[in-house]
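# Architecture and fold: a report
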Amino acid sequence: MNVTITPSSLEGSAQAPPSKSYTHRAILAAGYANRASVRDALWSADTQATARAVDLFGGDVERREDGTLEIDGFDGRPDVPADVIDCDNSGTTMRLVTAAAALADGTSVLTGDESLRSRPQGPLLEALTDLGGEAFSTRGNGQAPLIVTGPISGEEVSIPGDVSSQYITALLMAGAVTDGGIDVVLETELKSAPYVDITLEVLEDFGVKARHTEDGFAVDGGQSYDPVGGEYAVPGDFSSISYPLAAGAIAGADGAGVRIEGANPSAQGDTAIVDIVDRMGADVEWDREAGTIDVSSAPLSGIEVDVEDTPDLLPTIATLGAVADGDTHITNAEHVRYKETDRVSAMAEELGKMGVETTEERDSLTIHGSDSALEGTTVSGRHDHRIIMSLALAGLIADGETTVEGANHVDVSFPGFFAMLEELGAGLERDDG
């Protein structure tokens, strides 16, 4: 599907979608449990991949009409899957499920789409092998397809922290049901640290104790997943909130603007987007008790933003920088190159098609707003939901029409994204041809 956006003025209310990060962890945590309900879950292409994995491990995920997921788990010990686990485009699914597969008394095979088969899994495979399992890439390059044989028993393991925090999440979630637990020693500085904090928060809500240590993280073995009252509620997603927030900051109607509901505080590092938009000069107010954010447009100025802990925000910040006066310098960004696509190059190249001047380095992206004039054109979504949504925002204020190719990939994290823009007053047309 292609979507064409015309310059628009936005106002009204938008509901924050549930968090993808929390939903992934909650579905798998419920799988590790005997039984649990997950309320307010995001039901997207990515999270459905995690649900399918739970099914293949011997659990059962059923979605009620109100969106609640009723999950019969595999109670700490996954079955050997009867089929290949297809993680589709979901890197979170592959990493979390790879560690779960290492608990099974047998061999599991994991794969995904072309993009996912290019993403690094080697450090996690090495860690699982060090823990007594057997885990390798069929192509010998640390990328899927993956073969994983268990069971692992636990103990201490070393792993780099600067490739993906999801490795640590995977080991902690699996380690709780091993006999000996897992002590994760970080070989390098941890990137995207707030995502591990999300994991610790979800584990605690499911009755599992894990902790920071001097060298990394640890979780004791022999624990059971059992949320209070048998249910868990997923909070709103600040990665997704970044899009209506940025939309209001660049295209909010005079005297009105956009209200975002469901913006309750949590451990998500991407709550930083509220401060970023405020620092750039937008009129933004976050009522934490009510869980609402009000934002309206104002002249924006470029700033420096470190995305070491908030990699998913880079595309949104890049679009904001294209509108801002002066330079927006995004630093500590190398790990953002290992997402669904190389998001640093993708935003530089696609915004460049729209007339935006950028300077790309290995670890940074600078957007020269004062030297740029956004003009509508045809851009590629790169099969990446965050690239698509960020380019669509640019289309709200570009001169002329902007067509985003492959826009259907927003289903990965924000299936209602374009409907939300329309409700706020955006002019857009869909072409399913």
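Computed from a predicted model, the values in this text were never measured in an experiment. (Residues numbered from 1 in each chain as written. Predicted model: local features only at pLDDT ≥ 70, side-chain atom pairs only at ≥ 80, totals over all residues. Heavy atoms only, no water.)

## Observations regarding the overall build of the protein chain
- Of regular secondary structure, the protein chain possesses 12 helices and 24 strands.
- The C-alpha radius of gyration of the protein chain comes to 21 Å, within 12% of the 22 Å expected for a compact globule of 433 residues.
- For the protein chain, the C-alpha atoms occupy an extent of roughly 60 × 45 × 45 Å along the three principal directions.
- Scored against the burial criterion, the 433 residues of the protein chain give a buried share of 60%.
- Taking as baseline every contact in the protein chain between residues at least 6 positions apart, the subset at least 24 positions apart corresponds to 74%.
- When the accessible surface of the protein chain is totalled, it reaches about 15600 Å², and 40% of it is carbon and sulfur.
- Taken together, the 26 basic and 76 acidic charged side chains of the protein chain have centroids lying 3 Å from each other. (Helix = DSSP H or I, 4+ residues; strand = E, 2+ residues; numbered from the N terminus. Rg over C-alpha atoms; globule rule 2.2 N^0.38 Å. Buried < 20%, exposed > 50% of the residue type's maximum accessible area, 1.4 Å probe, protein only. Contact = heavy atoms within 4.5 Å. Areas by Shrake-Rupley, 256 points an atom, 1.4 Å probe, with all protein chains shown as cover. Lys, Arg positive; Asp, Glu negative; His and termini not counted. Charge placed at Lys NZ, Arg CZ, Asp CG, Glu CD.)

## A look at the packing of helix H1 (residues 20–32) against helix H2 (residues 45–56)
- Where H1 meets H2, the axes come as close as 9 Å, and the angle between the chain directions of the two elements is 10°. On the basis of the axis angle, H1 is roughly parallel to H2. Mapping the contact onto sequence places Lys20, Thr23, His24, Ile27, Leu28 and Gly31 in H1 and Asp46, Thr47, Thr50, Ala51 and Val54 in H2.
- A per-class count over the contact of H1 with H2 returns 4 nonpolar, 5 polar and 2 charged. (Axes fitted to C-alpha atoms, helices over the stretch in contact; angles between N-to-C directions. Parallel < 35°, antiparallel > 145°, perpendicular 65-115°, else oblique. Nonpolar A, V, L, I, M, F, W, Y, C, P; charged D, E, K, R; others polar.)

## Details of the sheet that holds strand S22 (residues 378–380)
- Here 4 strands make up an open sheet; going across it, the order is S22-S23-S1-S24 and the pairing mixed. Taken across any chain shown, the strands that pair with only one partner, and hence form the sheet edges, are S22 and strand S24 (427–431). When the angles between neighbouring strand axes are averaged without regard to direction, this sheet yields 20°.
- With 3 bridges connecting them, strand S1 (residues 2–6) and strand S23 (residues 402–405) associate as antiparallel partners. The residue of S23 that forms the bridge with Thr4 is Thr403.
- The strands touched by helix H11 (residues 385–395) within the sheet are S1, S22 and S23, with S23 carrying the most contacts at an inclination of about 175°. (Pairing = 2+ DSSP bridges.)

## So, helix H6 (residues 193–205)
- For H6, spanning 13 residues, the distance from its first C-alpha to its last is 19 Å, which sits close to the expected 18 Å at 1.5 Å a residue.
- Residues Pro194, Tyr195, Val196, Ile198, Thr199, Leu200, Val202 and Leu203 constitute the buried set of H6.
- The secondary structure elements touched by the buried residues of H6 are H1, helix H5 (166–175), strand S12 (210–212), strand S13 (216–219), strand S14 (231–233) and helix H7 (238–251).
- Gly207 lies just past H6 and shows a positive phi near 80°. (Expected span 1.5 Å × (residues − 1).)

## Let's talk about a negative patch on the surface
- Taken together, the side chains of Asp275, Asp278, Asp283, Glu285, Asp287 and Glu289 make up a negatively charged region of the molecular surface.
- Counting residues per element, the ones that place at least two in the negative patch are helix H8 (272–280) and strand S16 (283–287).
- Of all the elements, S16 adds the most residues to the negative patch, at 3 residues.
- The residue Glu289 is located in the loop between S16 and strand S17 (292–296) in this model. (Patch = residues over 30% accessible without salt bridge, like charges linked within 9 Å, V, L, I, M, F, W, Y side chains within 5 Å. Salt bridge = Lys/Arg side-chain N within 4 Å of Asp/Glu carboxyl O.)

## Focus on the packing of H8 against helix H9 (residues 314–323)
- Packing of H8 against H9 brings their axes to within 12 Å, and their N-to-C directions diverge by 10°. With respect to H9, the element H8 is oriented roughly parallel. Contacts between H8 and H9 involve Ile273, Ile276, Val277 and Met280 on the former and, on the latter, Thr316, Ile317, Leu320 and Gly321.
- When grouped by side-chain class, the residues that make up the contact of H8 with H9 number 6 nonpolar, 2 polar and no charged.

## Looking at helix H10 (residues 343–353)
- Most of H10 is tucked away, with 8 of its 11 residues classed as buried.
- Listing the buried residues of H10 in full gives Arg343, Val344, Ser345, Ala346, Met347, Ala348, Glu350 and Leu351.
- Against H9, strand S20 (357–361), strand S21 (364–368), S22 and H11 lie the buried residues of H10.
- Two or three places before Val344, at the opening of H10, Asp342 has a side-chain oxygen 3.2 Å from that residue's backbone nitrogen.
- A positive backbone phi angle near 95° is found at Gly355, which sits one or two residues after H10. (Polar contact = N/O pair within 3.5 Å; in protein donor to acceptor, adjacent residues only side chain to side chain.)

## Describing the environment of Ser13
- Here Ser13 lies in strand S2 (residues 12–15).
- Taking the C-alpha atoms as reference points, Ser13 and Gly257, separated by 244 residues in sequence, lie 8.8 Å from one another.
- When sequence neighbours within four positions are dropped, the list of residues in contact with Ser13 reads Arg259, Glu261 and Leu424.

## Things to note about the nonpolar core
- Of all hydrophobic cores here, the largest spans 72 residues; its most connected members are Ile293, Phe417 and Phe418.
- Residue contributions to this core peak at 9 residues, all from H7.
- Apart from residues lying up to four places away in sequence, Ile293 is in contact with Phe238, Ile241, Leu245, Val258, Arg259, Ile260, Ala263, Val274, Val284, Glu285 and Trp286.
- In terms of nonpolar packing, the next biggest core, distinct from the first, is built from 68 residues, Ile71, Ile85, Val202 and Phe217 among them. (Core = buried A, V, L, I, M, F, W, Y, C linked by side-chain atoms within 4.5 Å.)

## Some remarks on the pattern of salt bridges
- Within this structure, the stated rule accounts for 22 salt bridges.
- Between Asp220 and Arg211 there is a salt bridge, and its shortest N-O distance comes to 3.4 Å.
- Since its relative accessible area comes to 39%, Arg211 is described here as partly exposed.
- One salt bridge connects Asp342 with Arg337, and the closest N-O pair in it is separated by 2.9 Å.
- Relative accessible area serves as the criterion here: at 22%, Asp342 is assigned to the partly exposed category.
- Arg337 sits in the buried class, given a relative accessible area of 9%.
- One network of salt bridges, with partners in common, ties together Arg119, Asp312, Lys339, Glu340, Arg343, Asp384 and Arg386.

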